[in-house]
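Examination of the molecular architecture
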2 protein chains.
Amino acid sequence: MSKGEQAQKRIVEAANALIYQQGYNTTSISDVANAIGVTKGNLQYHFRSKEDLLEAVINFRLKEIDKQLQHWELEYPTPTLRLKRFVQMIVNEEVSLVRFGCPMGSLNMELGKSQKLLQAKSLVMFNCYLAWLEKQFRTIDNRNGKSLSRHLMTRAQGAALMAYIYQDPKWLKDECKQINSWIDTQVST
Amino acid sequence: MSKGEQAQKRIVEAANALIYQQGYNTTSISDVANAIGVTKGNLQYHFRSKEDLLEAVINFRLKEIDKQLQHWELEYPTPTLRLKRFVQMIVNEEVSLVRFGCPMGSLNMELGKSQKLLQAKSLVMFNCYLAWLEKQFRTIDNRNGKSLSRHLMTRAQGAALMAYIYQDPKWLKDECKQINSWIDTQVST
DNA sequence: GTCTATAAGAAGATAGAC
DNA sequence: GTCTATCTTCTTATAGAC
């Protein structure tokens, strides 16, 4: 990796964290620059505009999601275990979900209010998870794979949102238990 | 109502709409002033700061919610009908929910990222609905009233969020159907 | 109560020195 | 590649005329 690529990676990772924690609109170029100890002029050398930087952050997140889903596919032999692993992720990420919300849901919501074009780009993250969930559900119930995956995502997002709003992991735990029970009922039919 | 109160009401209603449609951070005082054809200097006479204006908007919304819940209480004789009316609201508001998301959920999410104090204030809106839902559920299942009301709100928020993210009312319709079925199962137990 | 004028600061983006 | 300096625009907020 060249020196320039290294610098870019550092910027993207810092921007990723700050955008998640503070939101996109309330994170300035200076914030990101300060976080890694460079000047904002430097940042604007690597990324012409703030939108370019956001796009890089979204691509970074996409790669991480892809890695994760491929890993789960290898590690868990059955669709049921994979679906439960997805739910388990929510429980595992409890602390950050309560503090900052879902990285996909909160970013998409924010961009939708004022930057419809960027919102469309951040949609690919959801597509990524949904396609994977659908694949798993189809091996259980081929006809309803799409609607089952959507239902799961809907409930996961609802749980993450309420836990964030009330700053309380209870919302996550309670709903995830019920989601797991629901998965069991789908498997046995 | 005095001339001053009338002016304030116009401002709050315009701010309410714009904050819902564009988000709080991306709505400026000038935006609100332009929307009702006055200058921003005028707005700052009625509301010292942008935060003051937001607080007035939240109070305005709270009153509307209270009116609505009282109305439902009078119009629908049973808790089951009232719960279904709550779900029906989501279907009725489909167009604006898809375009702008849930007014409570989106505002709270945005404020949570950067203004924790204001987020706490906007929480009262959720408390309002949740207390009402809990009251209805308690007449059906006294022991689990709280958790049932939370579950309903979680799923409603998930549906609204996904419909907004994908700009597609399908997410709302599908989930609301399932929520209604779930209410039926709770009633019959 | 409503307006204009203006301050004071923050933000995104550009140009040029090193 | 990184920095400083600067430009421009936008935003909140204040002061004072009408």
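Please read these numbers as outputs of a predicted model, since none were measured by experiment.

Observations concerning helix α1 (residues 3–22) of chain A
- Helix length check: α1 of chain A (20 residues) gives 28 Å between terminal C-alpha atoms against 28 Å at 1.5 Å per residue, within 8%.
- In the core, the buried residues of α1 of chain A are packed alongside α2 (29–36), α3 (40–46), α4 (50–75), α6 (94–100) and α7 (103–114) of chain A together with α7 (103–114) of chain B.
- Residue Gly23 of chain A follows α1 of chain A closely and has a positive phi angle near 95°.

Thoughts on the protein's contact with DNA strand C
- What surrounds DNA strand C is a group of 15 residues, the closest being Ile29, Gln44 and Lys50 of chain A together with Tyr45 and His46 of chain B.
- Counting only atoms of DNA strand C within 4 Å of the protein, the fraction found in sugar and phosphate groups is 59%.
- Side-chain polar atom of His46 of chain B to a phosphate oxygen of DNA strand C: 2.7 Å apart, as the coordinates give it.
- Looking at the surface near DNA strand C, the elements that each hand over two or more residues are α3 of chain A together with α1 (3–22) and α3 (40–46) of chain B.
- No other element matches the four residues that α3 of chain B contributes to the surface near DNA strand C.
- Taken together, the residues that form the surface near DNA strand C break down as four nonpolar, nine polar and two charged.

Quick word on the nonpolar core
- Counting residues in hydrophobic clusters, the biggest one holds 125 residues, and the most contacted among them are Phe86 and Leu152 of chain A together with Phe86, Leu152 and Met153 of chain B.
- Filtering out sequence-adjacent residues up to four positions away, Leu152 of chain A remains in contact with Leu83, Phe86, Val87, Leu133, Phe137, Ile179 and Trp182 of chain A.

Some points on the packing of α4 of chain A against α7 of chain A
All names here are of chain A.
- Contact pair α4 / α7: the axes reach a minimum separation of 13 Å and the direction vectors enclose 155°. Comparing their axes, α7 and α4 come out roughly antiparallel. Seen along the crossing, α4 lies across α7 with a hand that is left-handed. Residue-level inspection shows Leu54, Ile58, Arg61 and Ile65 of α4 in contact with α7, the latter providing Pro103, Met104, Leu107 and Leu111.
- Looking at the contact of α4 with α7 residue by residue, the class counts come to seven nonpolar, no polar and one charged.

Considering the domain arrangement of chain A
Residues and elements named next belong to chain A.
- Structurally, chain A comprises domain 1 (1–59) and domain 2 (76–189).
- Domain 1 and domain 2 are separated by 27 Å when their C-alpha centres are compared.
- Each partner contributes residues to the interface: domain 1 has eleven residues there, and domain 2 has 15 residues.
- Three residues stand out in domain 1 for area buried against domain 2, namely Tyr20, Asn25 and Ile58, and they jointly supply 54% of the buried area on that side.
- On inspection of domain 1 and its partner domain 2, the count reaches one salt bridge.
- The shortest N-O distance in the salt bridge between Lys121 and Glu55 comes to 3.2 Å.
- There are five residue pairs in polar contact (both at pLDDT 80 or more) connecting domain 1 and domain 2.
- Put simply, the parts of the chain that give the side of domain 1 that touches domain 2 at least two residues each are α1 and α4.
- The element that contributes the greatest number of residues to the side of domain 1 that touches domain 2 is α4, accounting for four residues.
- Taken together, the residues of the side of domain 1 that touches domain 2 sort by class into five nonpolar, four polar and two charged.

Details of the pattern of salt bridges
- Evaluated as defined, the whole model comprises 20 salt bridges over all chains.
- When the shortest N-O distance is used, the salt bridge between Glu175 of chain A and Arg155 of chain A registers 3.0 Å. Placement of the pair is Glu175 of chain A in helix α10 (residues 170–188) and Arg155 of chain A in helix α9 (residues 145–165), with a sequence separation of 20 residues.
- A residue is classified by how much of its surface remains accessible, and Glu175 of chain A, at 2% relative accessible area, is buried.
- Classification of Arg155 of chain A by relative accessible area gives buried; the value is 5%.
- The salt bridge involving Glu73 of chain B is made with Arg82 of chain B; its shortest N-O contact spans 3.4 Å.
- When salt bridges that share partners are traced, they join Glu73, Arg82 and Lys135 of chain A into one network.

Brief notes about the interface of chain A and chain B
- Between chain A and chain B, the contact holds 39 residues from the first and 40 residues from the second.
- The contact between chain A and chain B buries some 3500 Å² in all, and 61% of this surface belongs to carbon and sulfur atoms.
- At the junction of chain A with chain B, the criterion picks out 18 residue pairs in polar contact (both at pLDDT 80 or more).
- Looking at the side of chain A that touches chain B, the elements that each hand over two or more residues are α1, α6, α7, α8 (116–140), α9 and α10 of chain A.
- It is α9 of chain A that provides the largest number of residues to the side of chain A that touches chain B, a total of twelve residues.
- Among the residues forming the side of chain A that touches chain B, the class breakdown is 14 nonpolar, 18 polar and seven charged.

About the thresholds
- Residues numbered from 1 in each chain as written.
- Chains lettered and ligands numbered in written order.
- Predicted model: local features only at pLDDT ≥ 70, side-chain atom pairs only at ≥ 80, totals over all residues.
- Heavy atoms only, no water.
- Helix = DSSP H or I, 4+ residues; strand = E, 2+ residues; numbered from the N terminus.
- Expected span 1.5 Å × (residues − 1).
- Contact = heavy atoms within 4.5 Å.
- Near = heavy atom within 4 Å.
- Polar contact = N/O pair within 3.5 Å; in protein donor to acceptor, adjacent residues only side chain to side chain.
- Nonpolar A, V, L, I, M, F, W, Y, C, P; charged D, E, K, R; others polar.
- Core = buried A, V, L, I, M, F, W, Y, C linked by side-chain atoms within 4.5 Å.
- Buried < 20%, exposed > 50% of the residue type's maximum accessible area, 1.4 Å probe, protein only.
- Axes fitted to C-alpha atoms, helices over the stretch in contact; angles between N-to-C directions.
- Parallel < 35°, antiparallel > 145°, perpendicular 65-115°, else oblique.
- Left-handed = near helix turned anticlockwise from the far one by under 90°.
- Domains from an automatic or database assignment.
- Buried area = accessible area lost by both parts, 1.4 Å probe.
- Salt bridge = Lys/Arg side-chain N within 4 Å of Asp/Glu carboxyl O.

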